[in-house]
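# Observations on chain architecture
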Amino acid sequence: MAASRRKKKQRKEKFEKALTAVLCGIVAVLVLLAAVISLSEENGGAMPTWQQLYSWFGVAAPVPHLPEEAAGAATKVHFIDVGQGDAILLSCGGESMLVDGGTNESGKTVVDYISSKKISRLKYAVATHPHADHIGGLDDVIENVEIDDLLMPDVTAETATFSDVLDAAEEKNLSITVPSRGDVFPLGNAAVTVLTDTEKKYGDELNNYSLVLKASLGKFSVMLTGDAETQAEDDILKSGEAVSASVLKVGHHGSRTSTGENFLKAVSPKAAVISCGKDNDYGHPHAETLKKLEKSGVAVYRTDILGTISVLGRENGEFEFLQSTVQPTVSTEEQSTAPSEEATYILNTNSKKFHKPDCKNAADISEKNRKEFFGERQQLINEGYSPCKSCNP
């Protein structure tokens, strides 16, 4: 009798556990369904991404990673948001390279980002050229991160920023290498090739001294151009170096002085990244550059809109932008709020702002910089214009 009662009790407990599990599963499905419906409404009917669902539940999204046996079969490229400047971190097979260090104000940002990736040593640090928006934060990096080798072009600048970098390197007994065209620097399973003719002289045009690098892993590659302008781009093309790449870091923050049509055609990227500051004083990226990229069918990702951008490239040539919520050209918010109907806007061709016709700021635009535009708001955003914060056109 006792054994029979125990069996009945055990069966009852199993049933209750099974029933509880089923009920919990039903509740979980209902909650998930509610989240999907809620987020779909916010997305204008589009299905939410996994990252949005994780955020809805208040849970951190898992970071994509490769299995141990695939270590070294991929490379990560991080375009760090340093405002109006460049700072690019590459990692492959446990080795890392930093290309430029952003502005003087963003040194800590770069150091903290490197630390957040659990990187305590850089195999290489690169100063593409001695402009403050590229080397401003390098002295902070040199002082706080172990570096094996510092690569720089054979050109100097009479600035405090440039002196700070040299002083920091000297203090750390860090060797400086001036690479030559065709030099290859191994980075894990990847290889970084120098495309710039570092012996060529460009006078006072420091941008053209930029070390242009192509990082390759199997069939995947990324072209890093610094601030190289069309003259330097043409010299690279004349050299016969292989320049095709999966991803292009657009030269000079998207300025019209870079990304010539011949160079863009030869690189033939599937995606491009523009590193620039929000509402910067230079109007970067320029509309001419954005039009070239659009005409070539290149997806554009911008740090002024998206913040830091990370790309995972695989040996078979496949690559992905790690944040699945990242969309090319414009942010999700701008896509969802931008009206599609045509309207009249007043443009300031100098500040790259657009206004409603009755905006008080529009009345202050000089005739030289004033232009009337009739069309869709989104077209202006795609061309590099940003809406006036006063009239919110």
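Scroll up to find the structure this text is about.
With that out of the way, let us pick up the overall build of the protein. Helix and strand content of the protein: 12 helices and 19 strands. Residue burial in the protein is summarised as follows: out of 393 residues, 48% are buried. Taking contacts inside the protein between residues at least 6 apart in sequence as the whole, the part at least 24 apart equals 65%. If you sum the accessible surface of the protein, you get close to 19,900 Å²; carbon and sulfur atoms cover 50% of it.

Looking now at a negative patch on the surface. Where like charges cluster on the molecular surface, the negative patch consists of Glu143, Asp164, Asp167, Glu170 and Glu171. When residues in the negative patch are grouped by element, the largest group, 4 residues, is from helix α6 (residues 160–171).

With that out of the way, let us pick up the pattern of salt bridges. For the structure shown, the criterion picks out 9 salt bridges. Between Asp86 and Lys249 there is a salt bridge; the shortest N-O distance is 2.7 Å. Here the residue Asp86 occupies a position in the loop between β1 (74–79) and β2 (88–92), and Lys249 occupies one in strand β11 (residues 247–249), the gap between them amounting to 163 residues. Across this residue pair, the class does not change: Asp86 and Lys249 are buried. With a shortest N-O distance of 3.2 Å, Lys353 and Asp279 are connected by a salt bridge. Of this pair, Lys353 sits in strand β17 (residues 353–355) while Asp279 sits in the loop between β12 (271–274) and α9 (287–295), and the two are 74 residues apart along the sequence. Take Asp279: its relative accessible area is 34%, and that puts it in the partly exposed class.

Turning to the side chain of Ser246, a few remarks are in order. With respect to the helices and strands, the residue Ser246 is situated in the loop between α7 (230–239) and β11. What Ser246 contacts, discounting residues up to four positions off in sequence, is Lys219, Phe220, Ser221, Pro269, Lys270, Ala271 and Phe319.

If you trace the 7 strands from one edge of the open sheet to the other, you get β7-β8-β9-β10-β11-β12-β13, paired in mixed fashion. What marks the edges here is a single partner per strand, and that holds for β7 (184–187) and β13 (299–302). Strand-to-strand twist across the sheet, computed as the mean angle between neighbouring axes with direction ignored, equals 20°. Taken together, the 3 bridges between β11 and β12 define a ladder with parallel strand orientation. Across the sheet, Val247 pairs through a bridge with Ala271, a residue of β12.

Turning next to the packing of aromatic side chains. Scanning the entire structure with this criterion turns up 6 aromatic pairs. Both rings, one in Tyr124 and one in Phe185, keep their centres 5.5 Å apart while their planes meet at 75°; by these two values the pair is edge-to-face. Here the residue Tyr124 occupies a position in strand β4 (residues 121–126), and Phe185 occupies one in strand β7, the gap between them amounting to 61 residues. Classification of Tyr124 as buried rests on a relative accessible area of 6%. The interplanar angle of 85° and the centroid separation of 5.6 Å between the aromatic rings of Tyr202 and Tyr209 together place this pair among those described as edge-to-face. By relative accessible area, which is 9% here, Tyr209 ends up buried. One aromatic cluster is present, built from ring pairs that chain together Phe220, Tyr301, Phe319 and Phe321. In this arrangement the basic side chain of Lys200 is found over the ring face of Tyr202, its NZ or CZ atom lying 5.7 Å from the centre.

About the thresholds
Residues numbered from 1 in each chain as written. Predicted model: local features only at pLDDT ≥ 70, side-chain atom pairs only at ≥ 80, totals over all residues. Heavy atoms only, no water. Helix = DSSP H or I, 4+ residues; strand = E, 2+ residues; numbered from the N terminus. Buried < 20%, exposed > 50% of the residue type's maximum accessible area, 1.4 Å probe, protein only. Contact = heavy atoms within 4.5 Å. Areas by Shrake-Rupley, 256 points an atom, 1.4 Å probe, with all protein chains shown as cover. Patch = residues over 30% accessible without salt bridge, like charges linked within 9 Å, V, L, I, M, F, W, Y side chains within 5 Å. Salt bridge = Lys/Arg side-chain N within 4 Å of Asp/Glu carboxyl O. Lys, Arg positive; Asp, Glu negative; His and termini not counted. Charge placed at Lys NZ, Arg CZ, Asp CG, Glu CD. Pairing = 2+ DSSP bridges. Axes fitted to C-alpha atoms, helices over the stretch in contact; angles between N-to-C directions. Phe/Tyr/Trp six-rings, centres within 6.5 Å; stacked < 30°, edge-to-face > 60°. Lys NZ or Arg CZ within 6 Å of the ring centre and 35° of its normal.

Distances and angles like these do not, on their own, reveal function.
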